[in-house]
Protein chains: 2
Amino acid sequence: MDKRYYFGIDIGGTTVKTGIFSAEGVLLEKSEIATRTGQGEEAIFGDIAAELSRLAHANGAELSECAAGIDIAGPVDEEGFMERGVNLGLDELYPARILSDMCGGMPSFALNDANAAALGEIWQGGGRGVSSAVMITLGTGVGGGVIQGGRVISGTHGLGGEIGHICVEPGEEELCSCGGRGCLEQYASATGIVRMARRVMAESEEYSGMRVTDPLTAKDVFDLAKKGDALAVRAADESMDRLGRAMAMICYVTDPESIIIGGGVSRAGEYLRALAQSKMEKYARLSKHYPKVVLAELGNDAGICGAAKYAMDMTAKQIEAPECGR
Amino acid sequence: MDKRYYFGIDIGGTTVKTGIFSAEGVLLEKSEIATRTGQGEEAIFGDIAAELSRLAHANGAELSECAAGIDIAGPVDEEGFMERGVNLGLDELYPARILSDMCGGMPSFALNDANAAALGEIWQGGGRGVSSAVMITLGTGVGGGVIQGGRVISGTHGLGGEIGHICVEPGEEELCSCGGRGCLEQYASATGIVRMARRVMAESEEYSGMRVTDPLTAKDVFDLAKKGDALAVRAADESMDRLGRAMAMICYVTDPESIIIGGGVSRAGEYLRALAQSKMEKYARLSKHYPKVVLAELGNDAGICGAAKYAMDMTAKQIEAPECGR
C-alpha cells in the first residue's frame, strides 16, 4: 500500500543522515546521528530505528504509515543483499531486512549510495524531468548510478553503475584499489586528479602554482586551471579526458538523456562541466546528438532524497498488480 | 489491441528477410526478397508491403490482424527516426511510418538490427529466460543490443548498444570508420581480428599457418588458434582481450544477467566464448560474480524473431493503460 511518509536514510561510515518526506516529496525534517561502526549490526541499525521513531513522532506520523529507503556504500544486488558493507565493517548482510525487523515490519529497501544520489538528482536535482540518466559522483572515489525509465539499474550482481572501475587506460601501470589497472577512479576522483597533477608536474620543468601548494587538492588544481595556470590546465584536461572516455562508453551502452556530475569535485562547476562535455563528444563520434551533461544540485541531500524516492517507487511497484484489478 | 499475427522484417542492404509469427511465437513461414536500394523508399517499402500481403494471405491472415517489427541497420531513436539508413542509401526517414502507410495503417515499429537480434536471442535463442542481457554481434563490424527488464534500450539519441564504438584502446593510431580511434570494432570484428593477426605476425619472425593462408579470415585465425598455432593463439587472445575490456565496462554500467555473443565470428564457438569470459573477468575485478557469457543460437533468424517480438511488446505496451481499466 502507498504510505503517507517516506524515510530517506543515508548510512555513511561516520554519520547516518536521515530525512522524513511527505508523500508529495516535501522534506519535513532531516537529522544526522553518529554511525557506531565496529559494534555489530544491532548498534548501527538500533540507533537508526530509534532515530526514525523520533522523527516519525515529531512529525505526527506512525511507523506503520511509513516506508524507508536505505542508501549505503558498496554493491547491493537485486535482492537487497550486500557481500561487503565496507563503511560499516559488516559483511554479507540484508540492510533493509534488519531495519524492517527493528521497525515492526516497516517496508524497507536498500540501494547503493551512488544509485540513491542518481535517483535523488532526477527527482529533485540537476536531472529533474528526465527519465534516463547516469550520475557520476567524483569524490574520494568515483561512483555512479544508472537510471532507465525512471528506475535504478543496480544490475544482476550489484555492479550496475560502478562507473569508477571502467577501464579507461589499459596501459596504466599503477594498481587501482579494486585490483584492476586504468580505472576511471585513478584519474577523475579527487585523489586521481591530484595524481594526474603530480604526473604532469613530473613531466615538465615549467613553473606552476601547483608546485607551491601543499597539500595539493583537486580543488586547487581546478582553481589554478581556471586562472590559466598551464600545468593545472593540462592536469584538468588529462583527468577530464579520461572522464570523457567513460562518458562516451556510457553513451554507447544506455545513451541516457542526461549525465549528471556530482560529488565534491563537481564544485569546480561550469569549467569542469563544459570540459567533460567536450571530451565526451570527442570520443562519441557516431551521432551529432549527445546526452546533456549537467551538474548535480542536491549536494549532501541527494542520498536521503534518492533513498526516500526509492522507497516510494518500491512501495508503488508492489501494488502495481492489484491496482490493475487482477 | 493485441494482434493474431506478427511480422518480423529484417531489412539488409542486399535482401529483406521476412517472417510471420503466430501470437504464441511460432514462426509460420519465412521468406527473402531482394532489396531494391538506390530507387527510393517507395521501391524498397513497396516490395516489402507486397510480400507481407502475400505472406498474410498464404497463412490465412488479414493485414488488419497483424503488426510488424522492422529490423534495420543504424541508429533508430525512440521516435523511430533514422538520421542515416546506411544500407538503403536513404537518409532522415521513419521506416515504420512508411510501411504502416503502405499497409493500411498496420501498427509498425522499427528498431536497430543489433537490438532486434538481442531481443530475438532472449526470446527464443541463447539468452532464453533472462530479462537483462547485452548482445554483442561480431560480424563485419561489431554491433550490440542492450535489454533491460525484457525491453530494448535504444537510448535517447539512438546510440544505445553501439558497443562496437566503445573505446578500448585510447592509444590506437589507426582510424575507425566512425572517426574515432581504438573502437572495439577495430579489434574484435571479422576485419579487426585479421588486423590483429597481421599486427602479431609483423611483430614476430615465428612461423604461423596464418602466413600461408590467403586470403586470411577471422575464421582461419580461430581455426589455427584451436590447433595451437602460437601466433594465431596470440592474435585471438589480443582480440578477445579488447572484447573482455568492453564486456567489463558493460558489467559496470548495466551488469546484465547474460552477455550473448553472436555474428559470424561467434561460430568459433566455445573456444571464443571461454576466452571472452575469462578476459571479462580479468577486467571486472569488483565482484566474484559476473554475467554469464553465452553464444547466440538463432543465426540469421535472430533479426526476424526479434523484430516480431518487438512488434508484440510494442502493441502490448500501447494497451497497458486501458487493460488496467483506466
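Predicted model, so just to flag it, every value in this text is computed and none were measured. (Residues numbered from 1 in each chain as written. Chains lettered and ligands numbered in written order. Predicted model: local features only at pLDDT ≥ 70, side-chain atom pairs only at ≥ 80, totals over all residues.)

Draft legend 1. Seen up close, the overall build of chain A. A tally of helices and strands in chain A yields 10 helices and 12 strands. When the backbone C-alpha atoms are referred to their principal axes, chain A occupies close to 65 × 45 × 35 Å. Considering chain A as a whole, with its 326 residues, one finds that 56% of them fall into the buried category. Relative to all contacts within chain A whose residues are 6 or more apart in sequence, the contacts with residues 24 or more apart total 63%. (Helix = DSSP H or I, 4+ residues; strand = E, 2+ residues; numbered from the N terminus. Buried ≥ 20, exposed ≤ 12 C-beta atoms within 10 Å, placed from the backbone. Contact = placed C-beta atoms within 7 Å.)

Draft legend 2. Molecular detail of the relation of the copies chain B and chain A. Between the two copies, chain B and chain A, the superposition gives an RMSD of 0.0 Å; the rotation angle is 180° and the shift along the axis is 0.0 Å. Such a combination of turn and shift is consistent with a two-fold rotation axis. Of the residues that chain B buries at the interface, 100% are likewise interface residues in chain A, meaning the two copies contact each other through the same surface. (Least-squares fit on C-alpha atoms with pLDDT ≥ 70 in both.)

Draft legend 3. The arrangement of the sheet that holds strand E11 (residues 258-262) of chain A in detail. Residue and element names in this part refer to chain A. Pairing is mixed across the open sheet formed by five strands, whose spatial order is E10-E9-E8-E11-E12. Looking at strand neighbours, the two that pair on one side only are strand E10 (151-152) and strand E12 (292-295), the edges of this open sheet. Sheet topology note: the strand E8 (residues 133-138)/E11 ladder contains five bridges and is parallel. Across the sheet, residue Met135 finds its bridge partner in E11, namely Ile260. (Pairing = 2+ DSSP bridges.)

Draft legend 4. Region of the structure containing the nonpolar core. Counting 224 residues, the largest nonpolar core has Val221 of chain A together with Val221 of chain B as the members making the most contacts within it. Apart from residues no more than four positions distant in its own chain, Val221 of chain B is found in contact with Ile193, Val194, Ala197, Met210, Ala232, Ala235 and Ala236 of chain B. (Core = buried A, V, L, I, M, F, W, Y, C linked by C-beta atoms within 7 Å.)

Draft legend 5. Quick peek at the packing of helix H6 (residues 218-226) of chain B against helix H7 (residues 230-251) of chain B. Residue and element names in this part refer to chain B. The interhelical angle for the contact between H6 and H7, taken along N-to-C directions, is 120°, at an axis separation of 7 Å. The angle between H6 and H7 places the two elements in the oblique class. Pair H6 / H7 crosses with left-handed handedness. Across the interface between the two elements, Val221, Phe222, Leu224 and Ala225 of H6 pack against Ala232, Val233, Ala235 and Ala236 of H7. Here the residues of the contact of H6 with H7 sort into eight nonpolar, no polar and no charged. (Axes fitted to C-alpha atoms, helices over the stretch in contact; angles between N-to-C directions. Parallel < 35°, antiparallel > 145°, perpendicular 65-115°, else oblique. Left-handed = near helix turned anticlockwise from the far one by under 90°. Nonpolar A, V, L, I, M, F, W, Y, C, P; charged D, E, K, R; others polar.)

Draft legend 6. Broad picture of the packing of H7 of chain B against helix H8 (residues 270-283) of chain B. Residues and elements named next belong to chain B. Between H7 and H8, the shortest axis-to-axis distance is 7 Å and the interhelical angle comes to 55°. In terms of their interaxial angle, H7 and H8 are classed as oblique. Considering the relative orientation of H7 and H8, their crossing is right-handed. Counting all contacts with H7, which are made through Ala236, Asp237, Met240, Asp241, Leu243, Gly244, Arg245, Met247 and Ala248, the residues of H8 involved are Leu272, Leu275, Ala276, Lys279, Met280, Lys282 and Tyr283.

Draft legend 7. Geometry of the sheet that holds strand E12 (residues 292-295) of chain B. Residue and element names in this part refer to chain B. If you trace the five strands from one edge of the open sheet to the other, you get E10-E9-E8-E11-E12, paired in mixed fashion. Of all the strands in the sheet, the pair left with one neighbour each is strand E10 (151-152) and E12. Taken together, the two bridges between strand E9 (residues 142-148) and E10 define a ladder with antiparallel strand orientation. Within E10, the residue paired with Gln148 across the bridge is Arg151.

Draft legend 8. Representation of the interface of chain B and chain A in the model. Chain B puts 42 residues into the contact, and the matching count from chain A is 42 residues. At the level of secondary structure, the elements contributing two or more residues to the side of chain B that touches chain A comprise E9 and H7 of chain B. At five residues, the largest contribution of residues to the side of chain B that touches chain A is made by H7 of chain B. For the side of chain B that touches chain A, a count of residues per class yields 21 nonpolar, 15 polar and six charged.

Draft legend 9. Spatial organisation of the pairing of strand E1 (residues 5-11) of chain A. All names here are of chain A. Burial runs high along E1: seven of the seven residues are buried. Residues Tyr5, Phe7, Ile9 and Ile11 line one face of E1 and the alternating positions Tyr6, Gly8 and Asp10 line the opposite face, and both faces are buried. Inspection of the sheet shows E1 paired to strand E4 (residues 66-72) by seven bridges, in the parallel sense. Note on E4: the bridge partner recorded for Asp10 is Asp71. Here E1 runs beside strand E2 (residues 15-22); their pairing, made up of seven bridges, is antiparallel.

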